[in-house]
Amino acid sequence: MISVANAVGSGDLGVELDVAEVESDLDLPYTEYDPSNYHGLYLRLVEGGPLITVYRSGKYIISGCSTFEQLYETNDAFLTTLSELDIVDAETETGFTVQNVVCTAQLDNPVDLNTLSIALGLESVEYEPEQFPGLIYRPADYPAVLLVFANGKVVVTGASDVGIAEDVFEHLQKQVTIYHEQ
């Protein structure tokens, strides 16, 4: 079974922003804008909640959501907050879309990553245990990347929805089953 660890989405407000002014107008648990460090305004609508990064161009990214429902609710609440400051209309069409979903899963058994890297095909695998303890697998037929660890834990990243993450994990499970049978 696969579970969502982080969902990331982005949108465009369609207006240029004075992010320093936006930060000073917001009354939120967390805001941070330090252009000498980074050009985006960081904010959280609730303490410990998802992080929203807002740029002068009006583009924004929401990360740190554990469900798609939370991602869309955060987007709606963000637009409402900005509409209360007369920056945008609450009904502004931002083209908000899910960009990335990070999921975790568990294989049935621990795996020998050296053997698995050969079984999966060296052209689609990076495994350098001195640099990183996991095997990085980029299957050619899936728009996602899997991090596979010796204990059987798997992280799926780069998928734009859970269905893709489930499909690529299922593909990995089949490959692991074939390699175990050899």
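Presented here is an overview of the structure given in this document. Since the structure is predicted, the reported quantities are computational estimates derived from the model, not experimental observations.

1. What about the nonpolar core?
Core analysis: the biggest nonpolar cluster contains 25 residues, and Val148, Val156 and Leu172 have the highest contact counts within it. Put simply, the parts of the chain that give this core at least two residues each are β6 (97-106), α3 (113-120), β8 (135-137), β9 (145-148), β10 (153-159) and α4 (162-181). With seven residues, the single largest contributor to this core is α4. The residues contacting leucine 172, other than those within four sequence positions of it, are Leu107, Leu120, Tyr137, Leu146, Val148 and Val154. Counting residues in hydrophobic clusters, the runner-up holds 21 residues, among them Leu41, Leu45, Cys65 and Phe78.

2. Considering the environment of glutamate 16
Of note, glutamate 16 is situated in the loop between β1 (3-12) and α1 (19-25). The class for glutamate 16 is exposed, based on a relative accessible area of 60%. Along the chain, glutamate 16 and tyrosine 55 lie 39 residues apart, while their C-alpha atoms are 8.4 Å from each other. Residues within four places of glutamate 16 in sequence aside, it is in contact with Arg56 and Ser57. Here the side chain of glutamate 16 touches arginine 56 through a polar contact of 3.1 Å, side chain to side chain.

3. What to know about the packing of aromatic side chains
Taken as a whole and judged by the stated rule, the model has six aromatic pairs. Here the aromatic rings of tyrosine 38 and tyrosine 42 are separated by 5.7 Å at their centres, their planes lie at 10 degrees, and the arrangement is stacked. Residue class for tyrosine 38 comes out partly exposed when judged on its relative accessible area of 28%. Residue classification places tyrosine 42 among the partly exposed positions, given a relative accessible area of 22%. Sitting above the plane of the tyrosine 30 ring, arginine 44 keeps its charged end 5.6 Å from the centroid.

4. Quick word on the pattern of salt bridges
This model, assessed by the stated rule, comprises four salt bridges. When the shortest N-O distance is used, the salt bridge between lysine 59 and aspartate 12 registers 3.2 Å. With a gap of 47 residues between them, lysine 59 in strand β5 (residues 59-65) and aspartate 12 in strand β1 connect regions that are remote in the sequence. The exposure class assigned to lysine 59 is partly exposed, which follows from its relative accessible area of 44%. For lysine 174, the salt bridge is made with glutamate 170, and the minimal N-O distance between the two is 3.7 Å. Here lysine 174 pairs with glutamate 170, and both are found in helix α4, just four residues apart, close to one helical turn.

5. Section: the side chain of asparagine 75
Mapped onto the elements, asparagine 75 comes out in helix α2 (residues 68-84). Within the structure, the side chain of asparagine 75 is placed 2.5 Å from the side chain of tyrosine 60, a separation counted as a polar contact. In this structure asparagine 75 touches Tyr60, Ile62, Thr94 and Phe96, once residues within four positions along its chain are discounted.

6. Comments concerning unusual backbone geometry
Its identity as a non-glycine residue notwithstanding, aspartate 86 has a phi of 60 degrees, on the positive side. Within the secondary structure, aspartate 86 is located in the loop between α2 and β6.

7. Notes on α3
Of the residues making up α3, those classed as buried are Leu113, Leu116, Ser117 and Leu120. Looking straight down α3, one finds that the buried residues subtend no more than 105 degrees of arc, so they occupy a single side. Two or three places before asparagine 114, at the start of α3, stands the capping residue aspartate 112, its side-chain oxygen 3.0 Å from that residue's backbone nitrogen. Once α3 ends, the next one or two residues include glycine 121, with phi positive near 100 degrees.

Calculation rules
- Residues numbered from 1 in each chain as written.
- Predicted model: local features only at pLDDT ≥ 70, side-chain atom pairs only at ≥ 80, totals over all residues.
- Heavy atoms only, no water.
- Core = buried A, V, L, I, M, F, W, Y, C linked by side-chain atoms within 4.5 Å.
- Buried < 20%, exposed > 50% of the residue type's maximum accessible area, 1.4 Å probe, protein only.
- Helix = DSSP H or I, 4+ residues; strand = E, 2+ residues; numbered from the N terminus.
- Contact = heavy atoms within 4.5 Å.
- Polar contact = N/O pair within 3.5 Å; in protein donor to acceptor, adjacent residues only side chain to side chain.
- Phe/Tyr/Trp six-rings, centres within 6.5 Å; stacked < 30°, edge-to-face > 60°.
- Lys NZ or Arg CZ within 6 Å of the ring centre and 35° of its normal.
- Salt bridge = Lys/Arg side-chain N within 4 Å of Asp/Glu carboxyl O.
- Arc of directions from axis to C-beta.

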